Amino acid sequence: MLMKTKALVLREVSYKESDRILTLLTQERGKLSANARGSRKKGSAIAAGTQLLCWSELVLSETRGRWSVKEAAVERQFRGMRAELERFALGCYFAEAAQVLALEELPTPELLSLTLNSLHVLDKKPELPLALVKTVFEWRCMCASGYEPQLEGCALCGAPEPEQPRFHPLEGMLHCAACRPAEDSMPLSPAALAALRQIVYGDPKKIFSFRLDGESLKQLGKISEHYMLLQLDRGFGTLDFYKQLSI
């Protein structure tokens, strides 16, 4: 069976002398594993299109439930992102998160679109703070995977605009500071709450169109990371590496 599809390379692992085992996020079949035979050989026709974080048009062959790459043509390499280690490290974190959240052979168009859009921003929009790009990706990838937070108002008293708003990362809900003890929740400034609502409920094409800086951005970024790690009950090696670079 042959399948032609566009795919993002989320992970690559060296195998044998010249192969790679790839984790792909494809348009047609969601997350797939595929063997890129000979892709590490000098002059390989599929070498460029099977590199980590490449968006490529692939021809895949399936034999006994296993996929292999027959052809690979690069669509986008995100060269600007690769030129700066910190940006590339953040892109690798996005790829690892997408790999964890995507399901095997189930199309995830929203997650794929978000990941590509976020890589594009890293590649072409150096004016945007990396902390902003990171927190937008974290919130939206959680929403795309069934972890959308409750932000309409206080989950306890129902106030549309909670007084001294706080976010509970374990329960994924917003509440007033006076409505429950604060030890398990995190404060949100009015600016951070407004930005979070725009990220979660806004047009996917405009999720990077707002500005937030200073303490509010730091606050929102801390909450998004904590929410993601807590809900998924795991860490990310690529995130740890990125944070080492950004200290």
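Our subject is the structure listed above.
Right, let's walk through the structure included here. (Residues numbered from 1 in each chain as written. Predicted model: local features only at pLDDT ≥ 70, side-chain atom pairs only at ≥ 80, totals over all residues. Heavy atoms only, no water.)

1. What about the sheet that holds strand S4 (residues 55-63)?
- With mixed pairing, five strands are arranged side by side around a closed barrel as S1-S2-S3-S5-S4. Neighbour to neighbour, the strand axes of the sheet diverge by 50° on average, direction disregarded.
- As judged from the seven bridges shared by strand S1 (residues 2-15) and S4, these two strands associate in the antiparallel manner. Paired with Ala7 across the two strands is Ser56, which belongs to S4.
- In the packing of helix H2 (residues 85-101) onto the sheet, contacts are made with S1, strand S2 (19-26) and strand S3 (30-36), and the angle to S1 comes to roughly 115°. (Pairing = 2+ DSSP bridges. Helix = DSSP H or I, 4+ residues; strand = E, 2+ residues; numbered from the N terminus. Axes fitted to C-alpha atoms, helices over the stretch in contact; angles between N-to-C directions. Contact = heavy atoms within 4.5 Å.)

2. Quick look at the pairing of S4
- Bridge count between S4 and strand S5 (residues 66-76): nine bridges; the pairing is antiparallel. Note that in S5 the partner of Thr63 across the bridge is Arg66.
- Hairpin geometry of S4 and S5 is characterised by an intervening segment of two residues between the two adjacent antiparallel strands and by a positive phi of about 55° at Arg64.

3. Some words on helix H5 (residues 190-201)
- In this model, H5 (twelve residues) spans 16 Å end to end at C-alpha, consistent with the 16 Å of a helix rising 1.5 Å per residue.
- Those residues of H5 not exposed but buried are Ala192, Leu193, Ala195, Leu196, Arg197, Ile199 and Val200.
- Buried-residue contacts for H5 involve helix H4 (130-144), strand S7 (173-175) and helix H6 (214-232). (Expected span 1.5 Å × (residues − 1). Buried < 20%, exposed > 50% of the residue type's maximum accessible area, 1.4 Å probe, protein only.)

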